[in-house]
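# Structural overview for review
Read off the chains here:
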Amino acid sequence: MPTNDIPVFDADNHLYETKDALTKFLPARYKGAVDYVDVHGRTKIVVRGQISDYIPNPTFDVVARPGAQEDYYRHGNPEGKSYREIFGAPVRCIDAWREPAARLKLMDEQGLDRTLMFPTLASLIEERMRDDPDLVHAVIHSLNEWLYETWQFNYEGLDRIFTTPVISLPIVEKAIEELEWVLERGARVILIRPAPVPGLRGARSFGLPEFDPFWERVQEADILVALHSSDSGYDRYYSDWTGTSSEMLPFKPSAFRMLQAWRPVEDAVAALVCHGALSRFPRLKIAVVENGSSWVAPLLLSIRDLYKKLPQDFAEDPIEVIKRNINISPFWEEDLGALAELIGEDRVLFGSDYPHPEGLASPLTYLDELKHLPEATTRKIMGGNLARLMNISVPA
């Protein structure tokens, strides 16, 4: 076990779902909405009759090695290697990525005290069902039932593994029902896609008053809201520029698409601020996870300028709203000290993205990135801030 006297609460760990995760609890009338097929010897997921390549191997029986891209993110790719070359040989999925008892043992070996546990396959659901709100809610609930059966939402009540159920918002009443369902089962954090909310009359911002009943209940429950990177549907705008039409393929990047990669979360945070949700519900706790932090400074600059020109469009100073309500778990390779200067050291959260290939193979190596910071600041970033948001007491 790594030696470390700083309590570590990882804001970004992942599990790998089994093939029945989306369908085991799906009502009979929706059977067939999600399926798996063999394509030239490879298993692919099928959503509403369309084969998806969003996740190259949606069974996760074989996955990319944890931390396979560490050197890529530390030093770039001067040789122009392909993703296949960067990832290297895949590995078999281990029990600790599939179920909580084994994961808890692995956390002990890694020196992790606590973690938020995010699903992986879940990020493809909402965009591929955006024109059928009832189906979205049904599949999301089916996934949440599987998550609770397999992982629980606070494993064994130990306050160590907090699995994040998903809440989808197309039908506000159903979103509230789902929220109540996960709260009754001990959820301490929920996952919401940073994207416009689809609906039968078109998409709209989740910061609009239409969603106030949901946010009111979230604030009353004092539960953390995670905006984790997902397929936010922005590839439709990318396609407008490239003259193509395809689904988001995160493992087939292009320079133009990557330039816009963090626009969804920037827009999501801007919507919560500009459409007033965070002012109407000032005690909401938002954690932006696995979306980096390169978008933060430009957003603050733009909003500061807008507030100077259009103060009547804001209920209060929007910069102060962001610093009050928004917490950010940046990429491990980014400058955390600089981010702390922008939004305050109380709003920065450590996240390793383990066991994904773009994450850290050993989460506690993150401490090396913080050597230049005071120990008190490091303690906040490595776990104290997230523990406070989750109402968990940790040693000083």
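Quick note: structure is the one above.
Residues numbered from 1 in each chain as written. Predicted model: local features only at pLDDT ≥ 70, side-chain atom pairs only at ≥ 80, totals over all residues. Heavy atoms only, no water.

Let us now look at the packing of helix α6 (residues 172–184) against helix α7 (residues 212–221). Running from amino to carboxyl end, α6 crosses α7 at an angle of 15°, the nearest separation of the two axes being 9 Å. With respect to their mutual orientation, α6 and α7 come out roughly parallel. As for the relative orientation of α6 and α7, their crossing is right-handed in sense. Along its contact with α6, which presents Val172, Ala175, Ile176, Leu179, Glu180 and Leu183, the element α7 presents Pro213, Phe214, Arg217, Val218 and Ala221. Classifying every residue of the contact of α6 with α7 gives 9 nonpolar, no polar and 2 charged. (Axes fitted to C-alpha atoms, helices over the stretch in contact; angles between N-to-C directions. Helix = DSSP H or I, 4+ residues; strand = E, 2+ residues; numbered from the N terminus. Parallel < 35°, antiparallel > 145°, perpendicular 65-115°, else oblique. Left-handed = near helix turned anticlockwise from the far one by under 90°. Contact = heavy atoms within 4.5 Å. Nonpolar A, V, L, I, M, F, W, Y, C, P; charged D, E, K, R; others polar.)

Below, the discussion takes up the pattern of salt bridges. Within this structure, the stated rule accounts for 27 salt bridges. The shortest N-O distance in the salt bridge between Glu184 and Arg185 comes to 3.5 Å. Between Arg379 and Glu375 there is a salt bridge whose closest N-O contact spans 3.0 Å. In this pair, Arg379 and Glu375 both sit in helix α15 (residues 375–389), 4 residues apart, roughly one turn of the helix. Several salt bridges converge on common partners, so that one network encompasses Glu127, Arg130, Arg193 and Arg236. (Salt bridge = Lys/Arg side-chain N within 4 Å of Asp/Glu carboxyl O.)

Put simply, Tyr354 and Pro355 share a cis peptide bond, and its omega is 5°. By the element assignment, Pro355 lies in the loop between α14 (336–343) and α15. A positive phi angle, near 60°, is found at Phe60, a position not held by glycine. Within the element layout of this structure, Phe60 appears in the loop between β4 (50–52) and β5 (62–63). Judged by its relative accessible area of 3%, Phe60 falls in the buried class. (Buried < 20%, exposed > 50% of the residue type's maximum accessible area, 1.4 Å probe, protein only.)

To continue, consider a nonpolar patch on the surface. A contiguous nonpolar surface patch, about 410 Å² in accessible area, is contributed by Trp241, Phe256 and Leu259. Take Phe256: it is sitting in helix α9 (residues 255–259). (Patch = residues over 30% accessible without salt bridge, like charges linked within 9 Å, V, L, I, M, F, W, Y side chains within 5 Å. Areas by Shrake-Rupley, 256 points an atom, 1.4 Å probe, with all protein chains shown as cover.)

Our focus in this paragraph is the nonpolar core. One broad rule of soluble globular proteins: the nonpolar side chains tend to lie buried together. Counting residues in hydrophobic clusters, the biggest one holds 119 residues, and the most contacted among them are Ile190, Ile192, Phe214 and Trp215. At 9 residues, the largest contribution of residues to this core is made by helix α5 (residues 133–151). In contact with Ile192, not counting residues within four places along its chain, are Ile167, Leu169, Phe206, Phe214, Trp215, Val225, Ala226, Leu227 and His228. Of all hydrophobic cores here, the second largest spans 5 residues; its members include Ala68, Tyr72, Tyr83 and Ile86. (Core = buried A, V, L, I, M, F, W, Y, C linked by side-chain atoms within 4.5 Å.)

So, about the sheet that holds strand β7 (residues 114–118). Here 3 strands make up an open sheet; going across it, the order is β1-β7-β8 and the pairing parallel. Bordering the open sheet on either side are β1 (9–14) and β8 (161–163), each of which pairs with just one other strand. Mean inter-strand twist for the sheet, computed between neighbouring axes without regard to direction, equals 25°. With 3 bridges joining them, β7 and β8 adopt parallel strand pairing. Looking at β8, one finds that Leu116 is bridged to Phe162. Along the sheet, helix α3 (residues 100–110) makes contact with β1, β7 and β8, crossing β8 at roughly 135°. (Pairing = 2+ DSSP bridges.)

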